[in-house]
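Next come the chains, spelled out residue by residue.
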Amino acid sequence: MTDVVQERVTTRTVTVTVNGETRAAEVESRLLLAHFLRQTLGLTGTHLGCDTTSCGACTVLLDGVPVKSCTVFAVQANGREVTTVEGLQQGAQLHPIQEAFREEHGLQCGFCTPGMMLTATALLKENPDPTDEEIRWALSGNICRCTGYQNIVKAVHHAATKLAGEGR
Amino acid sequence: MYPATFEYFAPTTLEEALEILDRHEGEAKVLAGGQSLIPLMKLRFAAPRALVDINGLEGLNTLAEEGGGLRIGALVRHKTCERSELLRGRFGVLAAAAPVISDPIVRNLGTVCGSLAHADPQGDWGSVMLAVGADVEARGPGGTRTIPIEDFFQGPFTTALEPTEVITEVRIRDPGPDSGGTYLKLERKVGDFATVGAAIHISFENGTVGRAGIALTGVGPSSLKATAAEEALAGRKLDKEAITTAARLAAESAEARDDVRGSAEYKRSVARVFVERGLRAASEGRSHD
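Residues numbered from 1 in each chain as written. Chains lettered and ligands numbered in written order. Predicted model: local features only at pLDDT ≥ 70, side-chain atom pairs only at ≥ 80, totals over all residues.

## Description of the overall build of chain B
Line of reasoning, step 1. Along its length, chain B carries 11 helices and 14 strands.
Line of reasoning, step 2. Its C-alpha atoms give chain B a radius of gyration of 19 Å, near enough to 19 Å, the size a compact globule of 289 residues would have.
Line of reasoning, step 3. Principal-axis analysis of the C-alpha atoms places the extent of chain B at approximately 55 × 45 × 30 Å.
Line of reasoning, step 4. Long-range contacts, defined as pairs at least 24 residues apart, comprise 65% of the intrachain contacts of chain B with a sequence gap of at least 6. (Helix = DSSP H or I, 4+ residues; strand = E, 2+ residues; numbered from the N terminus. Rg over C-alpha atoms; globule rule 2.2 N^0.38 Å. Contact = placed C-beta atoms within 7 Å.)

Below you can see the structure in the form of structure tokens.
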């Protein structure tokens, strides 16, 4: 019955701290976090690759934990903190993980890079000096369609060295 | 891809969650990790009118040993299991399965109980629970009930759970002091479903097999308990001959089908090899192959 359908509340106001900034918007319950970030907030650094929870290109940090933003609803992020690739850089200063990906050529087309860097950031926070195996294991939910994995692993090692040097 | 419209609820108590489920008369779904449900909704294979997000509920995060068994609460993530020392040793089949569920990012959100409720025929946890022995605790409008895992799966994506019920936890039965197991999984790539998976659990009694638990993933309409193989092992010494026989019986019980992951014959062969390897690992007192 259509009148019942209309009674349903299918939108919600969400307040999310994105890259340190409080953002509020009224969204449809069914809006995915990835679309909230890209379309509602205009943060297009989060890439949608497969849209089927497989490739990890859309990875963001939700309260510091890597999640696939194509498989989380924006309403689930209400009251929580999200970090996207735009949040890595501090002013004009690239994050060490970004510098490392640039210096080690840890990207080819660059499409998977935001997801890779965010997953790597979470890894290094937990394990500041990972082995090759640990890096590959941690990044195994992120696919690089260019298959540029060698340099991605090198970049994560390089970032670990940089972060250790900075005492972070 | 956009799911169909739904009403979102984020209750803070279980009673409230149950009330919302009841009110929607089977048209609401429970959202825990969402790593199976959301993809289904995006494909519109599922279009619930309401989602009841249980992530804000207290007391569903328990992962603890109790009475020789193990309690895994509805909000315990795969990742927590992967890192838990509690799962090693006697619960080796769980320890071996946790790190091979999907991929690391999915494991951050996905839950063990959610995976059971989803009942994907290729889900790994179903086989693990059938092998080790477990009971599902469900709360509904009529109170709490315990569903033995042997009665829980009714077919692909179908369980004994009522649409107005929520799994609050899964309880692993006390496997006894001298027990162990492992999970072996063949997947084409990280994150893919199992081509074949084999869950092996053995509870020893005085050096012989007290109870054997063997279940297979990916070779049936739901996780498949290899009963004939289990029975063949009970009371026997876990020697080479017993292992070979059990592996053959397990493979024969597989209802494998040809698909993109391999032919039925290939899958049956893998099932036999995995059961053999898993049992050998158990006989050598190791939890991993």
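Let's pick the thread back up.
## A look at the pairing of strand S13 (residues 208–217) of chain B
Residues and elements named next belong to chain B.
Line of reasoning, step 1. Most of S13 is tucked away: 7 of the 10 residues are buried.
Line of reasoning, step 2. Here strand S12 (residues 196–205) folds back onto S13, and the loop between the two strands holds 2 residues, one of which, Asn 206, carries a positive phi near 50°.
Line of reasoning, step 3. The hairpin formed by S13 and strand S14 (residues 224–225) contains 6 residues between the paired strands, and Gly 218 there has a positive phi angle of roughly 85°. (Buried ≥ 20, exposed ≤ 12 C-beta atoms within 10 Å, placed from the backbone. Pairing = 2+ DSSP bridges.)

## Regarding the sheet that holds strand S7 (residues 143–148) of chain B
Residue and element names in this part refer to chain B.
Line of reasoning, step 1. Judged by pairing direction, the sheet is antiparallel, and its 5 strands sit side by side in the order S4-S5-S10-S6-S7 without closing on themselves. Each end of this open sheet is capped by a strand with a single partner; those strands are strand S4 (63–66) and S7. Within this sheet the neighbouring strands show an average axis-to-axis angle of 25°, counted without direction.
Line of reasoning, step 2. Those strands touched by helix H1 (residues 14–23) are strand S6 (134–140) and strand S10 (166–172), and its axis lies near 120° from that of S10. (Axes fitted to C-alpha atoms, helices over the stretch in contact; angles between N-to-C directions.)

## A word on the interface of chain B and chain A
Line of reasoning, step 1. At the interface, 20 residues of chain B touch 24 residues of chain A.
Line of reasoning, step 2. Among the secondary structure elements, those contributing two or more residues to the side of chain B that touches chain A are strand S1 (7–9), helix H2 (37–42) and helix H5 (104–109) of chain B.
Line of reasoning, step 3. Here the side of chain B that touches chain A takes 5 residues from H5 of chain B, the largest share from any one element.
Line of reasoning, step 4. Looking at the side of chain B that touches chain A residue by residue, the class counts come to 12 nonpolar, 5 polar and 3 charged. (Nonpolar A, V, L, I, M, F, W, Y, C, P; charged D, E, K, R; others polar.)

## Topic: helix H2 (residues 33–40) of chain A
Residue and element names in this part refer to chain A.
Line of reasoning, step 1. Among all positions in H2, only Leu 33, Ala 34, His 35, Phe 36 and Leu 37 are buried.
Line of reasoning, step 2. Contacts from the buried residues of H2 go to strand S2 (21–28) and strand S3 (59–62).
Line of reasoning, step 3. Just downstream of H2 lies Gly 42, where phi reads positive at about 75°.

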